[in-house]
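# Descriptive structure summary
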Amino acid sequence: MGVSHPIFARQFARASVALDAAGMAAHRRRLVTGLRGLVVEVGAGNGRNLPHYPPAVTRVLAVEPEPRLRALARAAAPAARVPVTVAAGMAEALPIAGGAADVVVFSLVLCSVPDQAAALAEARRILRPGGELRFYEHVVAETPGLRRAQRVADATLWPLFCAGCHTARDTLAAIRTAGFAVTDVDRFRFPASGVPTPASPHVLGAAIRS
């Protein structure tokens, strides 16, 4: 089971390097700071988070359905400070037993999964009781004007060119509805300067499997 977006995968791989240089790398570090135990990263992309995992993490299972991005994640794995296994899989059907994970990480992926509720339910299934969800996502805007721009983008070409990405999802509400208690959240715009785009509003935070 998987997906194939060869054009998007090539563009994403190039763009992620530039975005990290523009400040996204710092957000990736914040995302995984303090983690320990077995971590499952859902939609690991080309593996840009992998070098940031701290040594207290015993293993990262990096799940990525897109074959080109998965190959890039495998190439990036040796640079990590912790053991990494890169596996094929979908967010709605993760290749790990229930209750086995200490942490689940979503990083710029809940915007594009076909069924956000199913992906979050699967994350809850694999987390141990009291396990942690870490998330870094772009989300629905708080301002009416940008929300309108997001709705237009989502109804036209944005999902087609961005591998199913939707900019107006209320991901924080979805996390709470899925049975997680949000314990920390930071809202910010990325990039911080320039004209806001439909994908500018970001959240970074943590939640506990309640």
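Structure report, in brief. Residue indices begin from 1 for each chain and proceed along its sequence in written order. Side-chain atom pairs in this predicted model are given and counted only at pLDDT of 80 or more, local residue features only at pLDDT of at least 70, and totals for whole chains, interfaces and linings cover all residues. The side-chain numbers reported here are obtained from all heavy atoms of the structure, hydrogens and water having been left aside.

## Comments concerning the packing of helix H1 (residues 6-32) against helix H2 (residues 67-76)
For any two helices packed against each other, one specifies the crossing angle of their axes together with the interaxial distance. Interaxial angle, 0 to 180 degrees, is taken between N-to-C directions of lines fitted to C-alpha atoms, where a helix line uses only the stretch in contact. Segments assigned H or I by DSSP are reported as helices when at least four residues long, segments assigned E as strands when at least two residues long, and all are numbered from the N terminus. Contact geometry of H1 with H2 gives a least axis separation of 8 Å together with a crossing angle of 35 degrees. Of the residues in H2, those in contact with Pro-6, Ala-9, Phe-12 and Ala-13 of H1 are Arg-68, Leu-69 and Leu-72. A per-class count over the contact of H1 with H2 returns six nonpolar, no polar and one charged. Here a residue-residue contact requires only that any non-hydrogen atoms of the pair lie within 4.5 Å. Note on residue categories: nonpolar means Ala, Val, Leu, Ile, Met, Phe, Trp, Tyr, Cys or Pro, charged means Asp, Glu, Lys or Arg, and polar means any other residue, Gly included.

## Some points on the pattern of salt bridges
Any Lys or Arg side-chain nitrogen found within 4 Å of a carboxyl oxygen on Asp or Glu counts as a salt bridge. Considering all chains together, one arrives at eight salt bridges under this definition. Where Asp-20 meets Arg-28, a salt bridge forms, and the shortest distance between an N and an O atom there is 2.8 Å. The same class applies to Asp-20 and to Arg-28, which are both buried. In this scheme, a residue with accessible area under 20% of its type's maximum is buried, one over 50% is exposed, and one in between is partly exposed, where area comes from a 1.4 Å probe on protein chains only.

## Things to note about the sheet that holds strand E3 (residues 84-87)
Each pair of strands is called paired provided DSSP finds at least two bridges between the two strands. Across the sheet, seven strands lie side by side as E3-E2-E1-E4-E5-E7-E6; this open sheet has mixed pairing. Strands with a single pairing partner mark the edges of an open sheet, and in this sheet they are E3 and strand E6 (180-189). Pairs of neighbouring strands in the sheet enclose a mean axial angle of 15 degrees, with direction left out of account. Sheet analysis places strand E1 (residues 37-42) next to strand E2 (residues 57-63), joined by six bridges and oriented parallel.

## Side note on the layout of surface pockets
A probe matching the size of a water molecule, rolled over the atoms, marks out where space remains unfilled. For each structure, a 1 Å grid was placed over the protein atoms alone; sets of points admitting a 1.4 Å probe that cannot get out are labelled cavities, open sets with protein on both sides within 12 Å along at least five of seven lines are labelled pockets, and lining residues have an atom within 4 Å of a point. Grid points are joined across faces, edges and corners, and a volume is the space filled by probe spheres set on the points. By volume, the largest pocket amounts to about 1000 Å³. As for the largest pocket, its lining consists of 45 residues, of which Phe-8, Phe-12, Leu-108, Cys-111 and Ser-112 are closest to the centre. Listing elements by their share of the lining of the largest pocket, those giving two or more residues are H1 and E1. Counting residues per element, the lining of the largest pocket draws most heavily on H1, which supplies eight residues. Its residues assigned to classes, the lining of the largest pocket shows 24 nonpolar, 15 polar and six charged. In this model, the second largest pocket occupies a volume close to 160 Å³.

## Section: unusual backbone geometry
Excluding glycine, a negative phi dihedral is what most residues carry, and trans is how most peptide bonds are arranged. The amide bond that connects Phe-190 to the next residue, Pro-191, takes the cis arrangement and shows omega of -10 degrees. Within the secondary structure, Pro-191 is located in the loop between E6 and strand E7 (201-209). With phi around 55 degrees, Leu-108 is a residue other than glycine that occupies positive phi space. Tracing the sequence through the fold places Leu-108 in the loop between strand E4 (101-107) and helix H3 (116-126). The residue Ala-163 is not glycine, and still its phi comes out positive at about 55 degrees.

## Points about the pairing of strand E5 (residues 127-138)
Sheet topology note: the E4/E5 ladder contains six bridges and is parallel. Bridging from a neighbouring strand, Phe-106 pairs with Phe-135 of E5. The crossover handedness rule: strands pointing away from the viewer, path from first strand over the helix to second strand clockwise, crossover right-handed. Running through H3, the crossover from E4 to the neighbouring parallel element E5 is right-handed. Bridge analysis of E5 against E7 gives seven bridges, and the strand direction is antiparallel. Each bridged residue has a counterpart across the sheet, and for Arg-134 the counterpart in E7 is Ala-206.

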